[in-house]
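Residue-level structure breakdown
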Amino acid sequence: QAQLVESGGGLVQAGGSLRLSCVVSGGTFRNYVMGWFRQAPGKEREYVAAISWGGGTTHYADSVKGRFTISRDNAKNTVYLQMNSLKSEDTAVYYCAAHRTKRPEYFSDADGMDCWGKGTLVTVSP
């Protein structure tokens with residue numbers, strides 16, 4: 001089973017930017033649709049974005065559309081989440097997830113994911 005490791009979280013001021021990375025090992029990266037979720041303290045897990053196997057199709061939650069960009073580099077087994085114009089409500093632990101067949105437009109249904117990372121904390125100060 002593939003293993004997912006996120007990095008790139010940290011503390012940033014509102015309006016700033018961060019780029020998260022998720023490296024996949026132990027599996028064939030290009031066989032997975034990849035996505036990001038987040039969970040803020042005291043709240044349920046929330047879908048953020050997803051990207052298709054080759055990167056040609058992306059999908060975003062309305063809350064991040066126009067501010068966040070998901071991308072992938074299949075040569076590096078890595079998926080990225082570029083986060084711009086960050087807001088305090090973006091504060092959360094961000095998790096990457098993988099699924100072999102779930103298309104990006106259906107990735108918001110978190111049930112049955114093949115793999116999850118352990119998360120990276122993003123804190124946005126006002």
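Our structure's up above, just so we're on the same page.
Heads up: these notes are all about the structure in this document. Not measured: the values here are computed from a predicted model.

**Description of the overall build of the protein chain**
What the protein chain contains, in helices and strands, is zero helices and 11 strands. Each helix and strand of the protein chain, ordered N terminal to C terminal, gives the series β-β-β-β-β-β-β-β-β-β-β. Taking 126 residues into account, the globule formula puts the C-alpha radius of gyration at 14 Å, and the protein chain, at 13 Å, falls close to it. Its C-alpha atoms give the protein chain principal-axis dimensions of roughly 40 × 25 × 25 Å. Sorting the 126 residues of the protein chain into buried and exposed places 44% on the buried side. The long-range share in the protein chain, meaning contacts at least 24 apart out of those at least 6 apart in sequence, stands at 58%. Element-wise, carbon and sulfur atoms account for 45% of the exposed surface of the protein chain, whose accessible area totals about 6400 Å². For the protein chain, the distance from the average position of its 14 positive side-chain charges to the average position of its 11 negative side-chain charges is 6 Å.

**Overview of the packing of aromatic side chains**
Per the counting criterion, the structure on display carries three aromatic pairs. Consider the rings of Phe37 and Phe107, whose centres lie 6.1 Å apart with planes at 35°: the pair is tilted. In this pair, Phe37 sits in strand S4 (residues 33-39) while Phe107 sits in the loop between strand S9 (92-99) and strand S10 (115-116), placing the two residues 70 residues apart along the sequence. Ring centres of Phe37 and Trp116 lie 5.1 Å apart, and the angle between their planes is 55°; this geometry places the pair in the tilted category. Of the two residues, Phe37 sits in strand S4 while Trp116 sits in strand S10, which places them 79 residues apart along the sequence. The partly exposed category is assigned to Trp116, whose relative accessible area is 30%. An aromatic cluster of at least three residues, connected via ring pairs, comprises Phe37, Tyr47, Phe107 and Trp116.

**Quick look at the sheet that holds strand S1 (residues 3-7)**
Consider a sheet: its strands pair through backbone hydrogen bonds, and that pairing is either parallel or antiparallel. Taking strand neighbours across the sheet as the criterion, the four strands line up as S1-S3-S8-S7 in an open arrangement whose pairing is antiparallel. Edge strands, defined here as strands with exactly one partner in the open sheet, are S1 and strand S7 (68-73). When the angles between neighbouring strand axes are averaged without regard to direction, this sheet yields 15°. Pairing geometry for S7 and strand S8 (residues 78-83), over six bridges, is antiparallel. If you follow Thr69 over to S8, its bridge partner there is Gln82.

Rules behind the numbers
Residues numbered from 1 in each chain as written. Predicted model: local features only at pLDDT ≥ 70, side-chain atom pairs only at ≥ 80, totals over all residues. Heavy atoms only, no water. Helix = DSSP H or I, 4+ residues; strand = E, 2+ residues; numbered from the N terminus. Rg over C-alpha atoms; globule rule 2.2 N^0.38 Å. Buried < 20%, exposed > 50% of the residue type's maximum accessible area, 1.4 Å probe, protein only. Contact = heavy atoms within 4.5 Å. Areas by Shrake-Rupley, 256 points an atom, 1.4 Å probe, with all protein chains shown as cover. Lys, Arg positive; Asp, Glu negative; His and termini not counted. Charge placed at Lys NZ, Arg CZ, Asp CG, Glu CD. Phe/Tyr/Trp six-rings, centres within 6.5 Å; stacked < 30°, edge-to-face > 60°. Pairing = 2+ DSSP bridges. Axes fitted to C-alpha atoms, helices over the stretch in contact; angles between N-to-C directions.

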